2 protein chains.
Amino acid sequence: MRHLHSLRYLDAIVRAGSIRKAAETLSITSTALNRRILTMEQELGAPIFERLARGVRLSAAGEILIHHARAQLADMERVKSQISDLSGIRRGHVSIACSQAVLPVFLPEQIARYRGEHPAVTFSVLRRDREAAEQALVDHSADLALVFEPIRFSEFGTLLAVSQPIHVLMSKGHPLAKTRSVRLRDCLRYPIALPSHLYGVRSVLDSAIVRLSAKLRPVIETDSFEFLRHYARQDKTISFQIPIGIAQGTRANDDVSRPIDPRDVPPGILYLGQLRGRTLPVAASRFAEQIATALATSFDEVGSE
Amino acid sequence: MRHLHSLRYLDAIVRAGSIRKAAETLSITSTALNRRILTMEQELGAPIFERLARGVRLSAAGEILIHHARAQLADMERVKSQISDLSGIRRGHVSIACSQAVLPVFLPEQIARYRGEHPAVTFSVLRRDREAAEQALVDHSADLALVFEPIRFSEFGTLLAVSQPIHVLMSKGHPLAKTRSVRLRDCLRYPIALPSHLYGVRSVLDSAIVRLSAKLRPVIETDSFEFLRHYARQDKTISFQIPIGIAQGTRANDDVSRPIDPRDVPPGILYLGQLRGRTLPVAASRFAEQIATALATSFDEVGSE
DNA sequence: CCTCACTGCTGCAGTTTATGCAGCGGCTTG
DNA sequence: CAAGCCGCTGCATAAACTGCAGCAGTGAGG
């Protein structure tokens, strides 16, 4: 819709940090962009940006406005998708911000399944740590978030929450693999590879370790689970992961996982959520329903709030 | 803001029912308006209006769009008011839809008081029956609603609810005025003037009467409380009203009011509310706070929901 | 200290978009 | 069947937007 161009421009400037850069990405001249901002500021009666030597920064008024603008843009998408839906065409776009754990198995499966039914729907998958995921909801760069142990909750509207007990990951022949369930103390006797503090698995482990008045001494600390998994296969280190991140039933899998005894480490929680109070586009809403049922059937649901 | 013109036009057409009529009220030609709609429909990929011989009517897609448009327009007002508020100027506009009962005394007082502090704020007061009040919230023609015994609740977000026992209204010398409280049966012995079924007072009375297995036989039935009050002064009829509608402590008042015994007629409830989930403009929000405290101090608050 | 790269901003000209006028055909109503 | 609306279209005009070239201000780096 033409009438939203100003808002799109605004958004681009905020993201780019300067009018000229934004003009490039929008493939118009900085002149046009600059003028639009000037007229908007005049209409508004207040400056939207502070002018700095290296670009522009949102003023207080601008902060309010950009929030409104992004909401408008997202809402327009929703309207369009609802109208498309009216004529029977299930098209649209779903953007989802998620923790790494759902990337290898769960999300690919789910998206493939959804697109099997609705091939006209496209997806964006944003890998975001737990704090950034909520931010993505706020600035409407994501419709949905699927996050393990999120940090802040103010703008997060929970759709579903499921329990995710921490599992120990190791190669097949590892001594810990003998028992059904593993005690945390036993883990500490082996070299450990850990995800960085950004991740929920780590924070759950950390607080459990504190209660044990022990200390985690990781041999490897990384923010790539990909690396973690491959490394554990070579060295005899152990690692940790949550069930949704573990490929179940794949044959060519030399890795073994065992749950940690819940007395030692309480299960973490995986949240499916959206921006509080927002009405999602049709496609996003349907997809959310799908993964909600998928989650609810595979894992234990946790009473929300 | 210029970029919202299309939405404003859209809204005007829906209200007017035809493009030509709307064009008049907008003081542009029908050509321009028509063209805007056509291009919007093209951009949208779906017709917004059905064309009839006598004008236009919203299509299904149009219904979705107009809802969005009105929300956007209202939200822009909110943004503007928040930005004005930033620079310390408390300006803005508050539109309130309300039952008649608050018109004579309560609302004039409250608005005057608010405008005493913030003279730059302007008001619209829409007298709406209980059903139309909620409709006004939905189509954003009102920010707030102050309604006695509303009918539907789906889109109504309650801010405060206070109890309003029904009072009997009569002229000074009336026999019923002797006691502190009046039984309903006693009222039935006198000629009665009643508001029409549109009003909450009537509906509360009606259901109470049914329980008494008696019948109301009103001498006068009207939708004007103004008339009701003046008539009761001349004839010896009695009438009914809720406390907030009764001028308390004014000297030049020949009317007397007595509460009906709560065993006969349970108190009705006066609701202050807004559109569920909407963020109000600053002025409306402040004003709502003011009347909420005013209501809470004068009357008994009722646990919401 | 000076240079240099980068910023936002402005006057002018060209282009695109929106508007207004007159008029057509279709429909309902009296 | 005529009158009165209605939405819609071709054409000319008015308004808005865009692009080019160039200016002044600012901060980083040598």
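In what follows, the structure referred to is the one given above.
An account of the accompanying structure is given in this report. Keep in mind the model is a prediction, meaning the values are calculated, not measured.

This next bit is on the protein's contact with DNA strand D. Neighbouring DNA strand D are 22 residues, the closest being Arg 35 of chain A together with Ile 19, Arg 20, Asn 34 and Arg 51 of chain B. Contacts to DNA strand D include Thr 31 of chain A, whose side-chain N or O atom sits 3.2 Å from a base nitrogen. Between DNA strand D and Asn 34 of chain B, the relevant distance is 2.5 Å, taken from a phosphate oxygen to a side-chain nitrogen or oxygen of the residue. Among the residues forming the surface near DNA strand D, the class breakdown is seven nonpolar, six polar and nine charged.

Let us now look at the environment of Ile 19 of chain A. Residues and elements named next belong to chain A. Within the secondary structure, Ile 19 is located in helix 2 (residues 19–26). Accessibility expressed as a relative area gives 13% for Ile 19, which makes it buried. In this structure the C-alpha to C-alpha distance between Ile 19 and Arg 189, which are 170 residues apart in sequence, comes to 56 Å. Excluding residues that lie within four positions of it along the chain, Ile 19 makes contacts with Ile 13, Ser 30, Leu 33, Asn 34 and Val 56.

Turning our eyes to something else, we now look at the packing of helix 1 (residues 5–16) of chain A against helix 3 (residues 30–44) of chain A. The geometry of a pair of packed helices is captured by two quantities: the angle between their axes and the separation between those axes. Residues and elements named next belong to chain A. Interaxial distance between helix 1 and helix 3 falls to 10 Å at its minimum, and their mutual angle equals 110°. Judged by the inter-axis angle, helix 1 sits roughly perpendicular to helix 3. Of helix 3, the residues touching helix 1 (which contributes His 5, Ser 6, Leu 7, Tyr 9, Leu 10 and Ile 13) are Leu 33, Arg 36, Ile 37 and Met 40. When its residues are assigned to classes, the contact of helix 1 with helix 3 shows seven nonpolar, two polar and one charged.

Another point: the protein's contact with DNA strand C. Surrounding DNA strand C, one finds 22 residues, the nearest of these being Ile 19, Arg 20, Asn 34 and Arg 51 of chain A together with Thr 29 of chain B. Within 4 Å of the protein, the atoms of DNA strand C are drawn from sugar and phosphate moieties in a proportion of 59%. Contacts to DNA strand C include Ile 19 of chain A, whose backbone N or O atom sits 2.5 Å from a phosphate oxygen. The set of elements that each furnish at least two residues to the surface near DNA strand C consists of helix 2, helix 3 and strand 2 (55–58) of chain A together with helix 3 (30–44) of chain B. Split by residue class, the surface near DNA strand C holds seven nonpolar, six polar and nine charged.

Interfaces are frequently sized by the accessible area removed from exposure as the parts join. Between chain A and chain B, the contact holds 22 residues from the first and 22 residues from the second. Regarding the contact of chain A and chain B, the summed buried area is about 2200 Å², with carbon and sulfur atoms giving 70% of it. In terms of surface lost to chain B, no three residues of chain A exceed His 3, Ile 64 and Ile 83 of chain A, which account for 26% of the buried area on that side. At the surface where chain A touches chain B, the tally comes to zero salt bridges.

Residue and element names in this part refer to chain A. Here five strands make up an open sheet; going across it, the order is 4-3-5-12-6 and the pairing mixed. What marks the edges here is a single partner per strand, and that holds for strand 4 (121–127) and strand 6 (156–164). On average, each strand axis in the sheet is tilted by 20° relative to the strand beside it, whichever way the strands run. Relative to strand 5 (residues 144–148), strand 3 (residues 92–98) runs parallel, the two being bridged by three bridges. When the sheet's bridge partners are listed, Ala 97 is paired in strand 5 with Ala 145. The strands touched by helix 6 (residues 130–138) within the sheet are strand 3, strand 5, strand 6 and strand 12 (268–275), with strand 5 carrying the most contacts at an inclination of about 165°.

All names here are of chain B. With respect to topology, three strands assemble into an open sheet ordered 10-7-11, the strand pairing being antiparallel. Both outer strands of the open sheet, strand 10 (239–241) and strand 11 (255–259), are each paired with one neighbouring strand and no more. Within the sheet, the average angular offset between the axes of one strand and its neighbour, ignoring direction, is 35°. One ladder, built from three bridges, connects strand 7 (residues 167–171) with strand 10; its direction is antiparallel. Paired with Leu 169 across the two strands is Ser 239, which belongs to strand 10.

This next bit is on the nonpolar core. By size, the foremost hydrophobic cluster in this structure holds 56 residues, and its most contacted members are Leu 10 of chain A together with Leu 10 of chain B. Not counting chain neighbours up to four residues away, the residues in contact with Leu 10 of chain A comprise Ile 37, Met 40, Ile 48, Phe 49, Leu 65, Ile 66 and Ala 69 of chain A.

Attention now moves to unusual backbone geometry. All names here are of chain A. Positive phi values are uncommon outside glycine, yet His 140 reaches one of about 60°. Along the chain, the position of His 140 falls in the loop between helix 6 and strand 5. Relative accessible area serves as the criterion here: at 18%, His 140 is assigned to the buried category.

Thresholds applied
Residues numbered from 1 in each chain as written. Chains lettered and ligands numbered in written order. Predicted model: local features only at pLDDT ≥ 70, side-chain atom pairs only at ≥ 80, totals over all residues. Heavy atoms only, no water. Near = heavy atom within 4 Å. Polar contact = N/O pair within 3.5 Å; in protein donor to acceptor, adjacent residues only side chain to side chain. Nonpolar A, V, L, I, M, F, W, Y, C, P; charged D, E, K, R; others polar. Helix = DSSP H or I, 4+ residues; strand = E, 2+ residues; numbered from the N terminus. Buried < 20%, exposed > 50% of the residue type's maximum accessible area, 1.4 Å probe, protein only. Contact = heavy atoms within 4.5 Å. Axes fitted to C-alpha atoms, helices over the stretch in contact; angles between N-to-C directions. Parallel < 35°, antiparallel > 145°, perpendicular 65-115°, else oblique. Buried area = accessible area lost by both parts, 1.4 Å probe. Salt bridge = Lys/Arg side-chain N within 4 Å of Asp/Glu carboxyl O. Pairing = 2+ DSSP bridges. Core = buried A, V, L, I, M, F, W, Y, C linked by side-chain atoms within 4.5 Å.

Remember, this is a structural readout, not a statement about activity or role.
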